[in-house]
Amino acid sequence: MGFLKRIFGKKEVQKEQKQKEEEQIPPDEFFAIHFIKKGGFFIYCASEMEVQDTFRNILKELGVQIKMNGNPSEVIRQHFEDYLSFFEQNGVEDSDVYVTDCEALLTSSAGIMFSPAQLKHRKFEELPKIFVVFAITSQMVKDIHEGMKVLKRKNNLSAPITPLTLQNFTGKPDKNSIDTFGLNSKKTYLILLEDLPLEQA
């Protein structure tokens, strides 16, 4: 029994040390590290020009035959108006890439929170397997609770709304990960634009 106590005691100490180390990592760095660990493609952009270069490179990587979802949001239209001809007029059914903005980035879980409207009031499994998500650094919040506050404030909601959170970015279930196994999965590119002054970022 003493031997087992030493083994489990050691594991517990290692777990506590790892937790303390992670707590010292700034939230934005924690998000980026764990987003990538979960299989996502994280691209930080310091300017609008970098956003355009990044989006162009993603399209090149995905191939010239890609079809993006129709009726993009106003945010997407504003940032990617040069590419509106790529968006399918027939909507989600004929697309293989889903380009969208989001409500919040959850730093504690490295997840992306969407409103039902951003997902066209569809389930994740009804949407294309590849997501390209545009976000800004000021959308980073700690968790779903803080994300709900942002959602309510932004939309002046009186009635409750159920957000959807994406946390697996491999495009397939990860049986080796307790954190993401069983969750909806999309191959995800996250384009993150810096919108905070450097001293506040």
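One can find the structure itself at the top, above this paragraph.
The structure contained in this document is the topic of the report that follows. (Residues numbered from 1 in each chain as written. Predicted model: local features only at pLDDT ≥ 70, side-chain atom pairs only at ≥ 80, totals over all residues. Heavy atoms only, no water.)

1. Comments concerning the overall build of the protein
Formally: A run of H or I in DSSP becomes a helix once it reaches four residues, and a run of E becomes a strand once it reaches two; helices and strands are each numbered from the N terminus. To sort residues, take the accessible area from a 1.4 Å probe on protein chains only and compare it with the maximum for the residue type: under 20% means buried, over 50% means exposed, and anything in between is partly exposed. A 1.4 Å probe and the Shrake-Rupley method give the accessible areas. Residues count as covered only by the protein chains that appear here.
Scanning the protein from N- to C-terminus turns up five helices and eight strands. Ordered by position in the sequence, the α and β elements of the protein form the string α-α-β-α-α-β-β-β-β-β-α-β-β. Counting over 201 residues, the protein shows a buried share of 39%. Of the roughly 12,200 Å² of accessible surface on the protein, 53% is carried by carbon and sulfur atoms.

2. Describing unusual backbone geometry
If you check the backbone angles, Ala110 has positive phi at about 55 degrees while not being a glycine. Inspection of the secondary structure assignment puts Ala110 in the loop between strand 3 (104-106) and strand 4 (111-114). Although it is not a glycine, His121 adopts a positive phi angle of roughly 55 degrees. Assignment of secondary structure puts His121 in the loop between strand 4 and strand 5 (130-136).

3. A look at the pattern of salt bridges
Formally: When a carboxyl oxygen of Asp or Glu is within 4 Å of a side-chain nitrogen of Lys or Arg, the pair counts as a salt bridge.
Counting across every chain of the model gives two salt bridges. Arg56 serves as the salt-bridge partner of Asp53, at 2.4 Å between the closest nitrogen and oxygen. Linking Asp53 with Arg56, this pair stays in helix 3 (residues 48-62), spanning three residues, or about one helical turn. The class for Asp53 is partly exposed, based on a relative accessible area of 32%. One salt bridge connects Lys149 with Glu146, and the closest N-O pair in it is separated by 3.6 Å. Residue Lys149 and its partner Glu146 are located together in helix 5 (residues 144-155), separated by three residues, close to a single helical turn. According to the relative accessible area criterion, Lys149 is partly exposed, its value standing at 41%.

4. Section: the environment of Gly111
What counts is decided by this rule: Contacts are assigned to residue pairs with any non-hydrogen atoms lying within 4.5 Å of each other.
By the secondary structure assignment, Gly111 is in strand 4. Residues Gly111 and Thr165, spaced 54 residues apart in sequence, show a C-alpha to C-alpha distance of 6.4 Å. In contact with Gly111, other than residues within four places in its own chain, are Phe31, Ala104, Leu105, Leu106, Thr165, Leu166, Gln167 and Phe169.

5. Here's the deal with the environment of Gln89
When you line up the elements, Gln89 lands in the loop between helix 4 (74-79) and strand 2 (97-101). Spatially, the C-alpha atoms of Gln89 and Asn69 are 7.8 Å apart, while their sequence positions differ by 20 residues.

6. Some details on the packing of aromatic side chains
Note the following rule: Stacked, edge-to-face and tilted labels apply to pairs of Phe, Tyr and Trp rings (six-membered ring for Trp) whose centres lie within 6.5 Å, assigned for plane angles under 30 degrees, over 60, and everything in between, in that order.
A complete count under the given rule lists 13 aromatic pairs for this structure. Where Phe35 meets Phe169, the ring centres are 4.3 Å apart and the plane angle is 35 degrees; that geometry is what we call tilted. Separated by 134 residues along the polypeptide, Phe35 in helix 2 (residues 27-37) and Phe169 in the loop between strand 7 (164-166) and strand 8 (187-193) bring together distant segments of the chain. Exposure remark for Phe169: the relative accessible area of 0% places this residue in the buried category. Taken together through their ring pairs, the aromatic side chains of Phe55, Phe80, Tyr83, Phe86 and Phe134 make up a single cluster.

7. Notes on helix 5
Spelled out, the test is: Multiplying 1.5 Å by the residue count of a helix minus one yields the expected span of that helix. N or O atoms closer than or at 3.5 Å make up a polar contact, with two conditions inside protein: a donor-capable atom paired with an acceptor-capable one, and, for residues adjacent in sequence, both atoms drawn from side chains.
A rise of 1.5 Å per residue sets the reference length of helix 5, with its 12 residues, at 16 Å; its end C-alpha atoms lie 16 Å apart and thus fit the reference within 8%. Looking at the buried residues of helix 5, the elements they touch are strand 3, strand 4 and strand 6 (140-141). A side-chain oxygen of the first residue of helix 5 lies 3.2 Å from the backbone nitrogen of His145; this N-cap is Asp143. Note on helix 5: the residue one or two positions beyond its end, Asn156, has a positive phi of about 50 degrees.

8. Some details on the sheet that holds strand 4
For the record, the criterion: Strand pairing is assigned whenever DSSP identifies at least 2 bridges connecting the two strands. Only C-alpha atoms enter the line fits that serve as axes; for helices the fit covers just the stretch in contact. Angles between N-to-C directions range over 0 to 180 degrees.
Strand order in the open sheet formed by four strands is 6-3-4-7, and the pairing between neighbours is mixed. Strand pairing shows two members of the sheet lacking a second neighbour, strand 6 and strand 7, which therefore form its edges. As paired elements, strand 3 and strand 6 share two bridges and run parallel to each other. Pairing of Leu105 across the sheet is with Met140, part of strand 6. Where helix 5 meets the sheet, it contacts strand 3, strand 4, strand 6 and strand 7, and its direction lies at approximately 30 degrees from that of strand 4.

The quantities given are spatial measurements derived from coordinates; they are silent on function.
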